[in-house]
Amino acid sequence: MATSKPLSRFWEWGKNIVCVGRNYAEHAKEMGSALPAEPLFFLKPSSAYVREGSPILRPYYCRNLHHEVELGVVIGKRARAVSQEAAMEHVVGYALCLDMTARDTQEDCKKKGLPWTLAKGFGSSCPVSDFVPKEKIPDPHKLQIWLKVNGKLRQEGDTSSMIFSIPYLISYISEIIPLEEGDLILTGSPKGVGSVEANDEIEAGIRDVLSMRFKVAQ
Ligand SMILES: O=C([O-])CC(=O)C(=O)O
Ligand SMILES: [Mg+2]
């Protein structure tokens, strides 16, 4: 049974990967997008996970693969229409995640009014770090997340700049999508997203907590 596995291996049995978009004003601005009045979200399949040691694969139809570094929130207890006040009781921990995006495909989908699945949901579109238990992060809204490509800093953001807080996101999403143990919420990317090529090395981290490395392959 899935739930008998230790939580530190959530990516092996996590079901839903819910990704929040435009949750940092400066990233919405760099994309030329309006600020959302309510959270915008989309899904990745659970087969999108990649762990360190395996490469991020660029889908064959993509010519502009972008990195987005995001704080991931791991759900530890089923959440259905939970209040903001109760939301954090449903969190068991965190992970650092990359929302890998076929940016050219996404632009095309936006123009045609099509869903973002091809742009956001391909295999290996969700690299994840080790699981970090909730106790290790006293305040998830006071974290600095960063990302380097080939040693050069590209993204640096503070989770205090999120437009919608983690309790708000859990409450809002759980009214629409029942969240289950092992599900992961990606909380959106700060500014500085950009392209990666085959053989590039992405390093990303949560300052004072963890870092991770991934190679990009064709
Ligand atoms: O593709 C986008 O810009 C939306 C998104 O995922 C984010 O803001 O993290
Ligand atoms: Mg994103």
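- The chain has the name Oxaloacetate tautomerase FAHD1, mitochondrial in an unreviewed UniProt entry, where Malurus cyaneus samueli is given as its organism.
- Under the heading Sequence similarities (unreviewed entry), UniProt records this for the chain: "Belongs to the FAH family."

**Concerning helix α3 (residues 103-112)**
Step number 1: Within α3 the residues assigned to the buried category are Arg-103, Thr-105, Gln-106 and Cys-109. The arc that holds every buried residue of α3, seen down its axis, measures 155 degrees, which confines them to one face. Turned more than 90 degrees away from the buried face of α3 sit Lys-111 and Lys-112, all of them exposed.
Step number 2: Buried residues along α3 sit against α1 (25-30), β5 (65-67), β8 (101-102) and α4 (117-120).
Step number 3: Phi turns positive one or two residues past the end of α3, at Gly-113, with a value near 70 degrees.

**As for the nonpolar core**
Nonpolar side chains tend to gather and get buried jointly when the protein is soluble and globular.
Step number 1: In this structure, Leu-98, Ile-170 and Ile-185 are the most contacted members of the largest nonpolar core, which totals 44 residues.
Step number 2: Taken together, the elements giving at least two residues each to this core come down to β1 (17-21), β6 (69-75), β7 (91-98), β11 (144-149), α5 (166-176), β15 (201-206) and β16 (210-217).
Step number 3: Of all hydrophobic cores here, the second largest spans 16 residues; its members include Phe-42, Val-74, Ala-95 and Phe-131.

**Digging into the coordination of the magnesium ion (ligand 2)**
For a metal bound by four donors in tetrahedral geometry, the ideal donor-metal-donor angle is 109.5 degrees, whereas six donors in octahedral geometry ideally sit at 90 or 180 degrees.
Step number 1: Surrounding the magnesium ion (ligand 2) are the protein donor atoms Glu-68 (OE), Glu-70 (OE) and Asp-99 (OD), at 2.0 to 2.1 Å.
Step number 2: Between consecutive donors of the magnesium ion (ligand 2), the numbers of intervening residues give the motif E-x1-E-x28-D. Here Glu-70 is found in strand β6, whereas its partner Asp-99 is found in the loop between β7 and β8, with 29 residues between them in sequence. Accessibility classification places Glu-70 together with Asp-99 in one group, the buried group.

**Some points on the sheet that holds strand β14 (residues 194-196)**
Step number 1: The strand order β8-β5-β14 describes an open sheet built from three strands, whose pairing is antiparallel. The strands lining the two open edges of the sheet, one partner per strand, are β8 and β14.
Step number 2: Note: β5 against β14, three bridges, orientation antiparallel. Pairing of Leu-65 across the sheet is with Val-196, part of β14.

Calculation rules
- Residues numbered from 1 in each chain as written.
- Chains lettered and ligands numbered in written order.
- Predicted model: local features only at pLDDT ≥ 70, side-chain atom pairs only at ≥ 80, totals over all residues.
- Heavy atoms only, no water.
- UniProt positions renumbered as here; feature names shortened; annotations may be inferred.
- Buried < 20%, exposed > 50% of the residue type's maximum accessible area, 1.4 Å probe, protein only.
- Helix = DSSP H or I, 4+ residues; strand = E, 2+ residues; numbered from the N terminus.
- Arc of directions from axis to C-beta.
- Contact = heavy atoms within 4.5 Å.
- Core = buried A, V, L, I, M, F, W, Y, C linked by side-chain atoms within 4.5 Å.
- Donors = N, O, S within 2.8 Å, 3.2 Å for Na, K, Ca; no water.
- Pairing = 2+ DSSP bridges.

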